[in-house]
Amino acid sequence: MINDQMTFVLTADGSKTIYNPVVGENYHSRNGALQESEHVFLNSGLHYFLADKTVDEVSVLEVGFGTGLNFLLSADFCTMREIKLDYVGIEAYPLSHEMTGQTGYEQYVSPGLWGSFIGTYPAAMQNTVGLNGYVSLHVAPIPLLEFETDKQFDVIYFDAFASANQPEMWSEESIKNTIRYLKPGGVFVTYAITGNLKRMLKALGCKIEKAPGALGKREMLRAILLVY
């Protein structure tokens with residue numbers, strides 16, 4: 001786990017993020033950690049996937065679990081709507097239990113969910129844990145290219161640090177290793193949009209969509225794996 005010299009940063013919407021001095025970047029946008037997570041991942045990813053479907057279960061893979069904010073918002077949404085959520089996060093450098101508990105994110109989700117998350121966070125890095133009757137979580141504490149699973153997922157949140165600071169996460173090998181876990185018809189979302197990323201995803205059989213970006217960004221990328 002990495003925590004030495006990390007510091008909390010208050011973002012523009014009042015929510016906190018964490019600055020990672022090793023990478024030289026915050027975990028979320030300074031324009032608002034909460035608004036970015038809600039816009040890019042919950043609304044443009046999970047909500048988009050579920051909008052035209054009547055389902056009672058959904059699966060999400062997150063590359064870059066970080067502070068757990070994307071998970072908490074998704075878990076709270078699914079619990080309220082009685083949708084079973086199977087959530088897997090990949091995080092090569094997980095935050096400590098102590099630092100995770102100091103994010104202040106309990107104000108954005110139900111008390112029961114927050115309590116379950118904090119209570120099971122260490123165990124979730126060893127095995128899949130159930131947080132309530134609807135949500136299961138596993139955080140794989142390994143690099144993306146070492147991750148393997150038999151599962152495929154409905155939605156992928158790609159929330160790695162920016163390519164300028166973590167270029168290996170945006171390589172062809174990394175993107176290919178991510179998309180192979182996406183179900184046909186599944187949705188891949190990320191805050192970034194570059195020509196290189198669009199080309200890679202198209203080559204992997206995805207339809208590319210430009211979507212409005214979170215506050216401070218004009219556009220973001222959403223891709224749907226085509227069904228053949």
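For the structure, see preceding data.
Residues numbered from 1 in each chain as written. Predicted model: local features only at pLDDT ≥ 70, side-chain atom pairs only at ≥ 80, totals over all residues. Heavy atoms only, no water.

Enquirer: Account for the packing of helix H5 (residues 172-179) against helix H6 (residues 195-203), with residues named and values stated.
Expert: Where H5 contacts H6, the axes come no closer than 10 Å and their chain directions differ by 45 degrees. Between H5 and H6, the crossing angle belongs to the class labelled oblique. For the crossing formed where H5 meets H6, the hand is right-handed. Facing Glu172, Ile175 and Ile179 of H5, the residues of H6 in contact are Leu197, Met200 and Leu201. (Axes fitted to C-alpha atoms, helices over the stretch in contact; angles between N-to-C directions. Helix = DSSP H or I, 4+ residues; strand = E, 2+ residues; numbered from the N terminus. Parallel < 35°, antiparallel > 145°, perpendicular 65-115°, else oblique. Left-handed = near helix turned anticlockwise from the far one by under 90°. Contact = heavy atoms within 4.5 Å.)

Enquirer: I'd love a proper account of the packing of aromatic side chains, names of residues and values included.
Expert: On inspection of all chains with the given rule, the structure shows 15 aromatic pairs. Judged by centre distance (5.3 Å) and plane angle (75 degrees), the rings of Phe147 and Tyr181 are edge-to-face. Of the two residues, Phe147 is situated in the loop between strand E7 (135-140) and strand E8 (153-158) and Tyr181 in the loop between H5 and strand E9 (182-190); the sequence distance between them amounts to 34 residues. Since its relative accessible area comes to 3%, Tyr181 is described here as buried. Between Trp170 and Tyr191, the aromatic rings sit 6.0 Å apart at their centres with planes inclined by 80 degrees, giving edge-to-face as the arrangement. One end of the pair, Trp170, is in the loop between E8 and H5; the other, Tyr191, is in the loop between E9 and H6, with 21 residues separating them in the sequence. The pair formed by Trp170 and Tyr191 is uniform in burial state, with each residue classed as buried. Through successive ring pairs, a cluster of aromatic residues spans Phe41, Phe65, Phe71, Tyr87, Trp114, Phe117, Tyr121 and Tyr157. The lysine or arginine in question, Lys16, covers the ring of Phe8, its NZ or CZ lying 4.7 Å from the ring centre. (Phe/Tyr/Trp six-rings, centres within 6.5 Å; stacked < 30°, edge-to-face > 60°. Buried < 20%, exposed > 50% of the residue type's maximum accessible area, 1.4 Å probe, protein only. Lys NZ or Arg CZ within 6 Å of the ring centre and 35° of its normal.)

Enquirer: Can you tell me about the sheet that holds strand E3 (residues 25-26), naming the residues and giving the values?
Expert: Read across the sheet, three strands follow the order E1-E2-E3 without closing on themselves; strand pairing throughout is antiparallel. Each end of this open sheet is capped by a strand with a single partner; those strands are strand E1 (7-10) and E3. Alignment of E1 against strand E2 (residues 16-20), held across four bridges, turns out to be antiparallel. The residue of E2 that forms the bridge with Phe8 is Ile18. (Pairing = 2+ DSSP bridges.)

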